[in-house]
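Structure at a glance
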Amino acid sequence: MEYDAWSDLRKVFDAAAEKTGSAIAYSRLRLERAKCLNRLNGLYEELGRASYFALVRSREPDTASLVEQITRKRRELEELCAGLGEGSTVTCPFCAGQNRSDSTHCADCGAPLT
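These lines cover the structure that appears in this document, whether it is placed above or below. Per chain, residue numbering runs from 1 following the sequence as it is written. Only residues with pLDDT of at least 70 get local features here, since the model is predicted, and only at 80 or more are side-chain atom pairs given and counted; chain-wide, interface and lining totals rely on the full set of residues. Side-chain metrics rest on all non-hydrogen atoms present in the structure, leaving aside hydrogens and water.

Examining helix 2 (residues 64-83)
Each helix corresponds to a stretch of at least 4 residues labelled H or I by DSSP, and each strand to a stretch of at least 2 residues labelled E; elements are numbered beginning at the N terminus. Helix span is expected to be 1.5 Å times the residue number reduced by one. Relative to the 28 Å expected for 20 residues at 1.5 Å per residue, helix 2 spans 29 Å between its end C-alpha atoms, a close match to the ideal helical length. Following helix 2 by one or two positions, Gly85 adopts a phi angle in the positive range, close to 75°.

Printed below as a string of structure tokens:
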């Protein structure tokens, strides 16, 4: 039987291409997660701003729409984390940072996650 170096080389390149494709897909998911987290943090800022100005003006805050958007964005973030194999996340009560569910302290601000 004759040794076919080209066949072996093709197998190596195919395996490398598959790994590269997986790495790119994983990187895209991480980027989408970062964008989602950034938007979620922006929504929390808007909620805080709306609540603050409502209190300053002595009226009830109109936050129902923001709360609904935050809820949807949190679900999206959980789905992205599940797609990355990271499981569920815990939100820091102090800075709203997203942390792995097995974390004891926030990775962003260091506050205890109790």
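A few points about the side chain of Thr63
Along the polypeptide, Thr63 turns up in the loop between helix 1 (5-56) and helix 2. Relative accessible area serves as the criterion here: at 16%, Thr63 is assigned to the buried category. Residues count as neighbours in contact if any of their non-hydrogen atoms are within 4.5 Å of one another. Setting aside residues up to four positions removed in sequence, Thr63 forms contacts with Leu47, Ala50 and Ser51. Burial classes: relative accessible area under 20% of the type maximum marks a residue as buried, over 50% as exposed, and values in between as partly exposed (1.4 Å probe, protein chains only).

Details of the nonpolar core
Cys36, Leu40, Leu43, Leu66, Ile70, Leu77, Leu80 and Cys81 together form the largest nonpolar core, which totals eight residues. Contributions of two or more residues to this core are made by helix 1 and helix 2. To define a nonpolar core, start from buried Ala, Val, Leu, Ile, Met, Phe, Trp, Tyr and Cys residues and group those joined through side-chain atoms within 4.5 Å.

None of this, on its own, says anything about what the molecule does.
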